[in-house]
Amino acid sequence: MAMKYFDELKRSMEFLAADPRTLFLGQAVAYPGTAMSNTLKEIDPRRLIELPVDEDLQMGMTNGLALAGLVPVSIFPRWNFLLLAVNQIVNHLDKFPDMSNGGYQPKVIIRTGIGSVRPLHPQHQHVGDYTDAFRLMCRRIEIIRLEEPHDIFPAYEKALHRSDGLSTLLVEYGDYYNEK
Amino acid sequence: MITQLKAQDLIDFETEIAGFFNAAQIRAPIHLYSGNEEEMIGIFQDIRAEDWVLCSWRSHYQCLLKGVPREQLKAEIMAGRSISLCFPEYRVFSSAIVTGVLPIAVGIALAIQRAGGSERVHCFMGEMTSETGSAHECIKYATNHSLPIRFIVEDNGKSVCTDTRQTWNSPVLTYENSSHPLVHYYKYETKYPHAGAGARVQF
């Protein structure tokens, strides 16, 4: 049976949750509210940290949790929302090893999405793919677009197990939840 | 207290660094403290080695008082890294971006709380930073979730050269007369400019 996009995302989240170092944070992680919320339904609620809507706070807390040795999975439902966390991604997470002579090498997993445009188009502020722009801004964060269902699990497996000092930002397509 | 450093030890360190900078031997910005030595030593009375200390671009005193050896700190400063000094082995993290360390400190405190640890986080900021939305959000979150953290607001009245009170049109700052349980506020006057050591340096 062909793997479905949503099912692979859900399987990946449950794979991450099996590692005691991980926790999941953001808006609509412990509550329903986005398509991504449904991929977290089977995860122990104690591992889900529902945060106020405050992307800079969320990403800074993500960085702090990682500095303390955890592997946070920080969830931003759309690129448009992630833009509000750019300072903590570009000026901080991406620069930690340089600022500390390689002493701080936190591992962070960031999950975001390209807003769906079918069947409803959410208009200008809820769509867009900023992958290429972020690749230009970040040297120590690998940014992976999840094009096909079979891309998803290996990408999260790599994000969790990598030992090259990089963090990982994984980009989903909102439309593919229904289409692939 | 981690070290036995006295106020004069701190003053002597900054004086030495100022001399190197004015002699064009440091090819990067430095941000020096002065006038707050006793206050800083008081703050460090109950900071332990296992605690975390987070700072801004001005952090020489915190590094020394957290136990970073004088010569190791000096080497980092001479190498041009004064602006964001980080020493993982001493649990010191600094950021040269306004508000940068605040949510990071909250995240570290949350990790400690979830692990049931006894460590604490001490997060330093200037008075302009303390007036930002980020400061309010971080202090509110930490307070409401009872996180093991303390925020220290250091008020020298200026953000670079800008008068903080004048820009906000507020003669009294948010934490100036506050008895907030997680905030320690103090005021001081420094003899040094925002960056550098007061002399024009020709590199």
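Residues numbered from 1 in each chain as written. Chains lettered and ligands numbered in written order. Predicted model: local features only at pLDDT ≥ 70, side-chain atom pairs only at ≥ 80, totals over all residues. Heavy atoms only, no water.

Caption draft 1: Up close: the layout of surface pockets. Residue and element names in this part refer to chain B. Considered as a void within the structure, the largest pocket measures approximately 350 Å³ in volume. If you go around the largest pocket, you meet 21 residues; those closest to its centre are W57, R58, N156, K158 and H194. At the level of elements, strand 3 (121-126), helix 6 (127-130) and strand 5 (158-159) are the ones that each hand at least two residues to the lining of the largest pocket. Take the lining of the largest pocket: its biggest share by element is three residues, from helix 6. (1 Å grid on protein atoms, 1.4 Å probe; cavity = no way out; pocket = protein on both sides within 12 Å on 5 of 7 lines; lining within 4 Å. Points joined across faces, edges and corners; volume = space filled by probe spheres on them. Helix = DSSP H or I, 4+ residues; strand = E, 2+ residues; numbered from the N terminus.)

Caption draft 2: Quick peek at the sheet that holds strand 5 (residues 141-145) of chain A. Residues and elements named next belong to chain A. As summarised here, the arrangement of the six strands in space is 2-1-3-4-6-5, forming an open sheet in which the pairing is parallel. Each edge of the open sheet is held by one strand with a lone partner, namely strand 2 (48-50) and strand 5. Direction aside, the axes of adjacent strands within the sheet are offset by 20° on average. Pairing between strand 3 (residues 71-75) and strand 4 (residues 109-114): three bridges, direction parallel. If you follow V73 over to strand 4, its bridge partner there is I109. (Pairing = 2+ DSSP bridges. Axes fitted to C-alpha atoms, helices over the stretch in contact; angles between N-to-C directions.)

Caption draft 3: Expanded view of the packing of aromatic side chains. Going through the model one piece at a time under the given rule, you end up with 15 aromatic pairs over all chains. For the ring pair Y173 of chain A and Y176 of chain A, a centre distance of 4.5 Å and an interplane angle of 20° mean the geometry is stacked. Across this residue pair, the class does not change: Y173 of chain A and Y176 of chain A are buried. Summarising the aromatic geometry, the rings of F21 of chain B and F203 of chain B are spaced 6.1 Å apart at their centres and angled 75° between planes, so their arrangement reads as edge-to-face. Pair noted here: F21 of chain B is in helix 1 (residues 7-22) and F203 of chain B is in the segment after strand 7 (183-187), with a separation of 182 residues, a long-range link. (Phe/Tyr/Trp six-rings, centres within 6.5 Å; stacked < 30°, edge-to-face > 60°. Buried < 20%, exposed > 50% of the residue type's maximum accessible area, 1.4 Å probe, protein only.)

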